Amino acid sequence: MTVHDNYIKRCIQLAENGLGRTYPNPVVGSVIVYNDRIIGEGWHHKAGEAHAEVNAVASVKEKSLLSKSTIYVSLEPCSHYGKTPPCSNLIIDSGIKKVVIGTVDPFSEVAGKGIKKLLDAGCEVRVGVMEKECRELNRRFFTFHTKQRPYIILKWAQTADAFLAPLPQKDAERKPVWITNKYSQQLVHKWRAEEQSIMVGTNTAVADNPRLNTRLWKGKDPVRIVLDRKQRIPADSHLFDNSVKTIFLTENPSPERAAENVIFEQADFSRNLPQQVCEVLYRHEIQSVIIEGGRQTLQTFLDAGIWDEARVFEGSIRFTEGIKAPEITGELSYDSEITGDRLKIYRND
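Below is a short write-up of the structure. Keep in mind the model is a prediction, meaning the values are calculated, not measured. (Residues numbered from 1 in each chain as written. Predicted model: local features only at pLDDT ≥ 70, side-chain atom pairs only at ≥ 80, totals over all residues. Heavy atoms only, no water.)

Across its full length, the chain carries 10 helices and 16 strands. For the chain, whose C-alpha radius of gyration is 23 Å, the value lies close to the compact-globule estimate of 20 Å for 349 residues. Here the C-alpha coordinates of the chain stretch approximately 75 × 45 × 30 Å along the principal axes. Across the 349 residues in the chain, those meeting the buried criterion constitute 51%. Put simply, 69% of the contacts in the chain that link residues at least 6 apart link residues at least 24 apart. Of the roughly 17000 Å² of accessible surface on the chain, 47% is carried by carbon and sulfur atoms. Side chains of the chain give 47 positive and 45 negative charges; the mean places of these two sets differ by 3 Å. (Helix = DSSP H or I, 4+ residues; strand = E, 2+ residues; numbered from the N terminus. Rg over C-alpha atoms; globule rule 2.2 N^0.38 Å. Buried < 20%, exposed > 50% of the residue type's maximum accessible area, 1.4 Å probe, protein only. Contact = heavy atoms within 4.5 Å. Areas by Shrake-Rupley, 256 points an atom, 1.4 Å probe, with all protein chains shown as cover. Lys, Arg positive; Asp, Glu negative; His and termini not counted. Charge placed at Lys NZ, Arg CZ, Asp CG, Glu CD.)

Shown next, in the form of structure tokens:
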């Protein structure tokens, strides 16, 4: 690992502090180095607030050192006026002459323009340091801007004998049947705080009456996406509590059921539903979604090949019979134990 790699690695570590808080912006980290010593660092905390480079420059106590320093940033500095001024202008105005960038920004308003502005101002610019890791850091942002769809995470828990749920019981109480332990459940809520939205299908919504919030972890509740073809979900369900933006995809939207935070979108459930879900979420500028649906919903996305990650928990209990877990093929990228449960993460490569 080179010296440049080490500093970009630090940028990535800083950027991860903003995960789940910066949408629709990417997560970005930046460090400023003088004589092989970090004299300033920062990350983007929240959309609408200062970017990583601004926070890094502001943290430098001796501003006279900036002209002799190198600034490292995990993603290309912006070059346009949004809610904040361009970071490329700040770098130039600060007198910094050396810039090291992890990866180019895919957003059309930037996409090389920030680099060009720095070069035109006489800065020495190096691009592509730990590029793979920097793209992985912002895989949601890159997927949204290059594929025009959200980054899709499938998530489910299955028993040791590969069942998602027991067989439905008539007049059963509307609540989840837990397969995993409390530590795995808390991890799921942490994930919810990191992603922009979460989706379930009709059967899950009817059987479990989920809230789909982050009550077990501090963080912002995700936007709720619900598949409800025939509008079978009862009006007294938690999903209609108006606590957070909730988008229902249905065949025949009911404007009279809409509310401030309840939105209905039309979908044709007889054709390529995953693609339609992606189009609706892209239109609502949603960059990532965790799909926690039942077997039918999950398998539909798997069969269509429209998914990026699958996070699969396996508990120690057995059902013997019930609803079988989805069938998945993908690259196993992570396998670990969580106090008796097992978590496997697959990538769709």
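Of all the positions in helix H9 (residues 273-283), only Leu273, Pro274, Gln276, Val277, Cys278, Val280 and Leu281 are classed as buried. Backbone geometry just after H9 places Glu285 at a positive phi near 60 degrees.

Take the pairing of strand S4 (residues 98-103) next. The buried fraction of S4 amounts to 5 of the 6 residues, a majority that puts the element mostly inside the structure. In this structure, S4 lies alongside strand S5 (residues 124-127), joined through 4 bridges in parallel fashion. In the strand pairing of S5, Lys98 is matched with Glu124. Regarding topology, helix H4 (residues 113-120) serves as the crossover connection from S4 to the parallel S5, and that connection is right-handed. (Pairing = 2+ DSSP bridges. Right-handed = clockwise from strand over helix to strand, strands pointing away.)

Below, the discussion takes up the sheet that holds strand S16 (residues 341-347). The strands that make up a sheet are held in pairs by hydrogen bonds between backbone atoms, and each pair lies either parallel or antiparallel. With mixed pairing, the 9 strands of this open sheet are ordered in space as S11-S10-S9-S8-S12-S6-S13-S16-S15. Looking at strand neighbours, the two that pair on one side only are strand S11 (262-266) and strand S15 (331-338), the edges of this open sheet. Adjacent strand axes in the sheet meet at a mean angle of 20 degrees when their direction is disregarded. Sheet topology note: the S15/S16 ladder contains 7 bridges and is antiparallel. Across the sheet, residue Leu332 finds its bridge partner in S16, namely Tyr346. Taken strand by strand, helix H10 (residues 295-304) contacts strand S6 (151-158), strand S8 (197-200), strand S9 (223-227) and strand S12 (288-291), and its axis lies near 135 degrees from that of S6. (Axes fitted to C-alpha atoms, helices over the stretch in contact; angles between N-to-C directions.)

Turning our attention to the nonpolar core. Core analysis: the largest hydrophobic core is formed by 29 residues, its most contacted members being Ile152, Leu154 and Trp156. Elements supplying a minimum of two residues to this core: S6, S9, strand S10 (246-250), H9, S12, H10 and strand S13 (309-314). At 5 residues, H9 tops the list of elements feeding residues into this core. In contact with Leu154, other than residues within four places in its own chain, are Ile291, Leu298, Phe301, Leu302, Trp307, Glu309, Ala310 and Arg311. One finds Ile153, Ile233, Phe240 and Phe313 within the second-largest nonpolar core, a separate group that totals 24 residues. (Core = buried A, V, L, I, M, F, W, Y, C linked by side-chain atoms within 4.5 Å.)

This next bit is on the state of the cysteines. Going through the model one piece at a time under the given rule, you end up with 0 disulfides. Distance from the sulfur of Cys134, which forms no disulfide, to the nearest cysteine sulfur (Cys11) is 7.5 Å. (Disulfide = S-S within 2.5 Å.)

Right, let's talk about the packing of aromatic side chains for a bit. Scanning all chains against the criterion turns up 6 aromatic pairs. When the centroid spacing of 5.0 Å and the interplanar angle of 50 degrees are considered together, the rings of Tyr7 and Tyr72 count as tilted. Taken together, the positions of Tyr7 in helix H1 (residues 3-15) and Tyr72 in strand S3 (residues 70-75) put the pair 65 residues apart, joining distant regions of the chain. Like Tyr72, Tyr7 is buried. A centroid spacing of 4.7 Å and a plane angle of 35 degrees characterise the contact between Phe144 and Tyr282, whose relative ring orientation is tilted. Taken as a pair, Phe144 in helix H6 (residues 139-147) and Tyr282 in helix H9 lie far apart in primary sequence, 138 residues in all. With relative accessibility at 31%, the residue Tyr282 sits in the partly exposed group. The structure contains a cluster of three or more aromatic residues connected by ring pairs, namely Phe240, Phe248 and Phe264. A cation sits over an aromatic face here: Arg311 above Trp191, 4.6 Å from the ring centre. The ring of Phe163 has Lys324 sitting right over it, with the charged end atom 4.6 Å from the ring centre. (Phe/Tyr/Trp six-rings, centres within 6.5 Å; stacked < 30°, edge-to-face > 60°. Lys NZ or Arg CZ within 6 Å of the ring centre and 35° of its normal.)

Just geometry here; none of it tells us what the structure is for.
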